[in-house]
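Take a look at the letters that make up each chain.
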Amino acid sequence: MYEFAVTPAVTSIRRRGVEISEVHPDSLGAEMDLEPGDRIIKVNGRTVRDYLDFRFHTAGETELLLEVRKKTGEDWELELERGENEDFGFSFEQIVPRQCANECIFCFCNGNPADARPSLFVKDEDIRLSFLYGNYTTLTSISEDEIKRIVEQGLSPQYVSIHATNLDVRAYLLGVDKERADISAKLKRLLDAGIQIHAQVVLCPGINDGDVLLKTIHDLAAEHPRITSVAIVPLGLTRYNTDPRLTPVTPEFCREVIGQLTAVQNQLRVRLGTNFAFLGDEIYLRAGQAVPK
Ligand code: SF4
């Protein structure tokens, strides 16, 4: 059930709201005469920036006021009542990823051929994609608004590339200064707010392996279960990334890491009830060993 009012459009260059990409037939959205190309600007007076906001602002609400910019340029206000959990039947435009401000020495973009498709050069660092798809962020340039959004909307878990808890090493790997590399206060805020974190280490021989890796694992394990796990994946090099600071991952290196980590995992399993630190399959395969169950 709904009512609507039309007001003259205000010319605006910035595209506000979230665009509807599809309206399923026989849905609430179709009944409201909404169409692909229309943009939802506000829900109950609250600004909508993307479909996560739309989901968050509509969740559990049965009485809604939608402010919509029609693709014709008209502004509509739609008042509606919907059944609990009744779906709108909308699909939305994809989130445009926020880009990172790091210069990681191992960045996958440096390993692309120059003529690779453009999407392979997208350096995403987006807490929304972390929540939705498990993409990793480094939190180095996360804004206050983004931290508040994670907490307010419960965008948990978040996947965070730690790489090393040694600040000098982390800053070196990310290509940023130590102040930016230090995310301890941000991480604490998220953990204190009940946000679950999965950590990641991109393992670069001679840089964040050995004692640096052990310290990283122990520092992160001290926050278990709030930090749930740490995934350790090997540096990936292609023939296009010839940075002399990087040492290729060899079978011998992988065997050493597995030996070192197996002992640590055994201790952690006794203490935490989980291996906590997990090596990527590539490390076992490169070592010529079977991937554990
Ligand atoms: S954070 Fe990711 S995308 Fe950004 S530079 Fe580092 S590896 Fe590349």
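Note that the structure is predicted; figures quoted are calculated from it, not measured.

> Kindly report on the packing of aromatic side chains, identifying the contributing residues and their values.
For the structure shown, the criterion picks out seven aromatic pairs. Ring geometry for Phe 54 versus Phe 88: centroids 5.1 Å apart, planes at 65°, classification edge-to-face. Of this pair, Phe 54 sits in helix 2 (residues 51-58) while Phe 88 sits in the loop between strand 6 (75-81) and strand 7 (90-92), placing them 34 residues apart in sequence. On the accessibility criterion, Phe 88 (4% relative accessible area) is buried. These aromatic residues form a ring-pair network of at least three members: Tyr 51, Phe 54, Phe 88, Phe 90 and Phe 92.

> Describe the nonpolar core, and please don't skip the residues or the numbers.
Ile 217 and Ile 232 are the most contacted members of the largest nonpolar core, which totals 57 residues. For this core, the element with the most residues is helix 9 (residues 251-272), which contributes seven residues. Setting aside residues up to four positions removed in sequence, Ile 232 forms contacts with Val 201, Leu 203, Leu 213, Ile 217, Leu 261, Ala 277, Phe 278, Leu 279, Gly 280 and Ile 283. Core analysis: the next-biggest nonpolar cluster, separate from the first, contains 22 residues, Met 32, Val 48, Leu 64 and Leu 129 among them.

> Summarise a negative patch on the surface; cite the residues concerned and give the values.
Negative charge collects at one region of the surface, where Glu 31, Asp 33, Glu 86 and Asp 87 lie side by side. One can find Asp 87 in the loop between strand 6 and strand 7. Residue Asp 87 is classed as exposed on the basis of its relative accessible area, which comes to 57%.

> Provide a residue-level description of the layout of surface pockets, including the pertinent values.
Estimates place the volume of the largest pocket at around 510 Å³. If you trace the largest pocket, you find 23 residues lining it, with Phe 106, Cys 107, Phe 108, Gln 200 and Val 202 closest to the centre. Listed by contribution, the elements that provide at least two residues to the lining of the largest pocket are strand 9 (197-203) and strand 10 (227-234). Its residues assigned to classes, the lining of the largest pocket comprises ten nonpolar, ten polar and three charged. Each pocket or cavity is described by its volume, and for the second largest pocket that value is around 320 Å³. In terms of lining, the second largest pocket is formed by 16 residues, of which the most central are Thr 165, Ser 184, Leu 187, Asp 219 and Leu 220. Taken together, the elements giving at least two residues each to the lining of the second largest pocket come down to helix 5 (167-174), helix 7 (184-192) and helix 8 (210-221). Per-class residue counts for the lining of the second largest pocket are nine nonpolar, two polar and five charged.

> I'd like to hear about the site of the ligand, residue by residue, with values.
All residues in the neighbourhood of the ligand are listed as Cys 100, Asn 102, Cys 104, Phe 106, Cys 107, Phe 108, Lys 123 and Thr 138. Placement of the ligand is best described as lying within the largest pocket. The residue makeup of the shell around the ligand, split by class, is five nonpolar, two polar and one charged.

> Residues and numbers for the domain arrangement of the protein chain, please.
What the domain assignment lists for the protein chain is domain 1 (2-92) and domain 2 (108-287). When each unit is reduced to the centre of its C-alpha atoms, the spacing between domain 1 and domain 2 is 38 Å. Across the boundary between the two partners, domain 1 contributes eight residues, which contact eight residues of domain 2. Interface area for domain 1 against domain 2, summed over the two sides, is near 720 Å², with a carbon-plus-sulfur share of 47%. Our count for the domain 1 to domain 2 interface comes out at four salt bridges. In this structure, Arg 149 engages Asp 50 in a salt bridge whose closest nitrogen and oxygen atoms are separated by 2.7 Å. Summed over the shared surface of domain 1 and domain 2, the result is six residue pairs in polar contact (both at pLDDT 80 or more). Examining the composition of the side of domain 1 that touches domain 2, we find that five residues originate from one element, helix 2, more than from any other. The residue makeup of the side of domain 1 that touches domain 2, split by class, is three nonpolar, no polar and five charged.

Definitions and cut-offs
Residues numbered from 1 in each chain as written. Predicted model: local features only at pLDDT ≥ 70, side-chain atom pairs only at ≥ 80, totals over all residues. Heavy atoms only, no water. Phe/Tyr/Trp six-rings, centres within 6.5 Å; stacked < 30°, edge-to-face > 60°. Helix = DSSP H or I, 4+ residues; strand = E, 2+ residues; numbered from the N terminus. Buried < 20%, exposed > 50% of the residue type's maximum accessible area, 1.4 Å probe, protein only. Core = buried A, V, L, I, M, F, W, Y, C linked by side-chain atoms within 4.5 Å. Contact = heavy atoms within 4.5 Å. Patch = residues over 30% accessible without salt bridge, like charges linked within 9 Å, V, L, I, M, F, W, Y side chains within 5 Å. Areas by Shrake-Rupley, 256 points an atom, 1.4 Å probe, with all protein chains shown as cover. Salt bridge = Lys/Arg side-chain N within 4 Å of Asp/Glu carboxyl O. Lys, Arg positive; Asp, Glu negative; His and termini not counted. Charge placed at Lys NZ, Arg CZ, Asp CG, Glu CD. 1 Å grid on protein atoms, 1.4 Å probe; cavity = no way out; pocket = protein on both sides within 12 Å on 5 of 7 lines; lining within 4 Å. Points joined across faces, edges and corners; volume = space filled by probe spheres on them. Nonpolar A, V, L, I, M, F, W, Y, C, P; charged D, E, K, R; others polar. Near = heavy atom within 4 Å. Sits in = over half its atoms within 2 Å of the grid points. Domains from an automatic or database assignment. Buried area = accessible area lost by both parts, 1.4 Å probe. Polar contact = N/O pair within 3.5 Å; in protein donor to acceptor, adjacent residues only side chain to side chain.

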